[in-house]
Amino acid sequence: MKKLSTERLETQFADFKPRLNAVEATEEANRCINCFDAPCIKACPTGIDIPKFIRRIGAGHVEGAAKTILDSNVFGLSCAECCPVELLCEGGCVYNKLNHKPITIGKLQRFAIEHAYDHGIEFYKAGKPSGRKVALVGAGAASFAAAHELRLHGHETTIFEKSELAGGLNTNGIAPYKMRADTSLREIERIMNLGVQVKYGMELGRNLTVDELLTSHDAVFLGLGLGPDSRLDVAGVDKNPRVLGAVDFIARMKLAPKAELAWLKDVHVALVVGGGNTALDACRELRGLGVKHVVVSYRRGEEDMSGYKHEFKWARQEGVDFWFGTLPTAFEATGNTQKVTLTRTKVDAQGKVALGTEKMTLDTQLVLVATGQAKLESLLSKTPGLKFEKGKLVVDAKTGRTGNAKIFAGGDLANGGMEVVNAVAEGKRAARAIHEGFTHG
Ligand SMILES: Cc1cc2nc3c(=O)[nH]c(=O)nc-3n(C[C@H](O)[C@H](O)[C@H](O)COP(=O)(O)OP(=O)(O)OC[C@H]3O[C@@H](n4cnc5c(N)ncnc54)[C@H](O)[C@@H]3O)c2cc1C
Ligand code: SF4
Ligand code: SF4
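A. Representation of the overall build of the protein chain in the model. The helix and strand inventory of the protein chain stands at 17 helices and 15 strands. The C-alpha radius of gyration of the protein chain comes to 23 Å, within 12% of the 22 Å expected for a compact globule of 441 residues. A principal-axis box enclosing the C-alpha atoms of the protein chain has dimensions of 65 × 55 × 50 Å. The buried share among the 441 residues of the protein chain stands at 45%. In the protein chain, 70% of the contacts between residues at least 6 apart in sequence involve partners at least 24 apart.

B. Geometry of unusual backbone geometry. One non-glycine residue with positive phi stands out, namely Asp37, at about 55 degrees. The topology assignment puts Asp37 in the loop between helix H1 (22-31) and helix H2 (39-42). Unusually for a residue other than glycine, Lys390 sits at a positive phi of about 50 degrees. Position of Lys390 among the secondary structure elements: in the loop between strand S13 (388-389) and strand S14 (392-393).

C. Summary view of the site of ligand 2. Neighbouring ligand 2 are 15 residues, the closest being Cys44, Cys79, Cys83, Leu88 and Cys89. Of all the secondary structure elements, the ones that give two or more residues to the shell around ligand 2 are helix H5 (76-82) and helix H7 (105-118). Of the residues forming the shell around ligand 2, the biggest block, three residues, is contributed by H7. When the residues that make up the shell around ligand 2 are grouped by side-chain class, the tally is eleven nonpolar, four polar and no charged.

D. Molecular detail of the site of ligand 3. Looking at ligand 3, there are 14 residues lining it, with Cys32, Cys35, Cys40, Cys93 and Ile103 nearest. Elements represented by at least two residues in the shell around ligand 3 include exactly H2 and helix H3 (50-58).

E. Examining the pairing of strand S9 (residues 326-334) more closely. Of the pairings in the sheet, the one linking S9 to strand S10 (residues 337-347) comprises eight bridges and is antiparallel in character. Each bridged residue has a counterpart across the sheet, and for Ala333 the counterpart in S10 is Gln338. Hairpin connection of S9 to S10: two residues between the antiparallel strands, including Gly335 at a positive phi of 60 degrees.

F. Broad picture of the sheet that holds strand S6 (residues 269-273). Ordered in space as S5-S12-S6-S7-S8, the five strands form an open sheet in which the pairing is parallel. Lying at the two open borders of the sheet, with one neighbouring strand each, are strand S5 (243-245) and strand S8 (321-324). Sheet twist, expressed as the mean angle between neighbouring strand axes with direction ignored, is 20 degrees. Bridge count between S5 and strand S12 (residues 366-369): three bridges; the pairing is parallel. Note that in S12 the partner of Leu244 across the bridge is Leu368. Against the sheet, helix H12 (residues 246-255) engages S5, S6 and S12, with an angle of about 85 degrees to S5. On top of the sheet, helix H13 (residues 277-288) reaches S6, strand S7 (293-298) and S12; it is set at about 170 degrees to S7, its chief contact.

G. Spatial organisation of the sheet that holds strand S1 (residues 133-137). Ordered by their spatial adjacency, five strands build an open sheet running S3-S2-S1-S4-S15, and the pairing between neighbours is parallel. Lying at the two open borders of the sheet, with one neighbouring strand each, are strand S3 (197-200) and strand S15 (407-409). Across the sheet, the axes of successive neighbouring strands diverge by a mean angle of 20 degrees, strand direction being ignored. As judged from the four bridges shared by strand S2 (residues 156-161) and S3, these two strands associate in the parallel manner. Paired with Phe160 across the two strands is Lys199, which belongs to S3. Helix-sheet contacts for helix H8 (residues 141-152) involve S1, S2 and strand S4 (219-222), and the interaxial angle to S2 is about 165 degrees. Running at roughly 160 degrees to S15, helix H17 (residues 420-440) makes contact with S1, S4 and S15 of the sheet.

H. Region of interest: the domain arrangement of the protein chain. Structurally, the protein chain comprises domain 1 (9-118), domain 2 (133-227 + 374-440) and domain 3 (243-369). With six residues of domain 1 at the contact, the number on the domain 3 side is eight residues. Looking at the side of domain 1 that touches domain 3 residue by residue, the class counts come to four nonpolar, no polar and two charged.

I. Region of the structure containing H3. Residues of H3 that are buried: Ile50, Phe53, Ile54, Arg56 and Ile57. Projected down its long axis, H3 shows its buried positions confined to an angular sector of 155 degrees, all on one face. Trailing H3 by a residue or two, Gly60 shows a phi angle of about 85 degrees, which is positive.

J. Focus on the packing of H12 against H13. Between H12 and H13, the least distance of the axes is 10 Å, while the angle of their chain directions is 45 degrees. Considering their axes alone, H12 and H13 lie oblique with respect to each other. Of the two possible hands of crossing, H12 and H13 adopt the one that is left-handed. Across from Ala246, Val247, Ile250 and Met253 in H12, the residues of H13 making contact are Thr278, Ala279, Asp281, Ala282 and Glu285.

Quick notes on the rules
Residues numbered from 1 in each chain as written. Chains lettered and ligands numbered in written order. Predicted model: local features only at pLDDT ≥ 70, side-chain atom pairs only at ≥ 80, totals over all residues. Helix = DSSP H or I, 4+ residues; strand = E, 2+ residues; numbered from the N terminus. Rg over C-alpha atoms; globule rule 2.2 N^0.38 Å. Buried ≥ 20, exposed ≤ 12 C-beta atoms within 10 Å, placed from the backbone. Contact = placed C-beta atoms within 7 Å. Near = placed C-beta within 6 Å. Nonpolar A, V, L, I, M, F, W, Y, C, P; charged D, E, K, R; others polar. Pairing = 2+ DSSP bridges. Axes fitted to C-alpha atoms, helices over the stretch in contact; angles between N-to-C directions. Domains from an automatic or database assignment. Arc of directions from axis to C-beta. Parallel < 35°, antiparallel > 145°, perpendicular 65-115°, else oblique. Left-handed = near helix turned anticlockwise from the far one by under 90°.

Here it is as structure tokens:
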């Protein structure tokens, strides 16, 4: 695997939820009332026994707390740092109904897991070799969660990854003020220590086929995530080096040495196009990198944004300027400056967006396009048994099995793009079904 540069731009961001010390963690743990039928558990896609791990922290058994978390979610540290807890576990905490601050479950989770990792505590070992082999495509959270579970049962696992780095978006996509790439790799290294093999530079559709994998393995798990950034359908945009895909830019900012992005110091005004979570991350990241004026152009209104409300609020507080009801319609490059023409939109009674006549211009030095990621349907739809609906690979909700009995899938490829914690849950679900199949099939 490629080594991370220590001189990455992402390291200049402060940690927005710093870790708790032991006194703070114990005090917070003791606030939890250990609800019967705890709603917080139901709100966690990996179903961590939250009251149990919190009780263990309160009792000083921090190692046991970490084990409780990891038994359900092997990416316990990544999720502690990047889960949108406001909408998941903490959003489900009963304290919200009592008009009190919910228990800071994410921070307690991080406290317990970092304690275990910092002390080199390892809870798992690979099972006795079963003689079964599973191929996993894509080295993201979904595949690693599946591989971990499969190794516990002694199945041989090989992950085939097109790039030279493990972790997918967990490594190269999460906003650096939530989590840095090295945290993701720290967690992945522990999983790899169980004997998970990773073959880098192996790309399905280029030097690898599903047929080959089915011939040489007993089961296949597809964890390819989503495709590249969608492009803007505006003349001249493709040849413009200062109009970049937001996911691509975020990955460069997180992984590349600072020197490669030295040109960012000349970016004073930037435009982000889109209204989802990637747009909200990108605009906040640009502000954090020191860009003075960041404008977000979204074709609909504030109430239609798919990005999280709390992230929108923070972006506003950080000085991001939102231009609702606008769409870029022309780019004119002069040196490093782009004159972007934005046209006011109108939404008809059926909710369709059309262009109006009012236009405005913005001189920018960088445009990030955050209008979604392509779906990988064309790459996989010819494989017998694989079916797509609305861009998502169709899988059985209980097992993650596709229409082909030997092929399973999970993560963004199958859910259309959710969170790391969903990818982990779906990877584990598929691994359990694969194991069941080996045992009873
Ligand atoms: C900008 C951004 C910010 C995000 N922030 C958060 C956040 O704060 N919190 C959160 O919980 N979630 C966040 N998410 C979502 C989260 O990162 C994803 O839901 C999750 O990581 C998906 O995991 P995955 O394993 O399904 O796919 P991925 O992480 O995308 O992994 C797929 C892997 O497959 C590889 N691959 C792709 N095609 C091929 C091929 N043909 N052959 C071989 N390998 C291939 C890729 O290189 C990649 O390594 C964010 C997403 C984005 C885009
Ligand atoms: S994994 Fe995420 S959602 Fe689940 S308890 Fe931990 S922080 Fe909350
Ligand atoms: S809902 Fe809140 S108080 Fe109740 S068990 Fe969960 S974290 Fe504790």
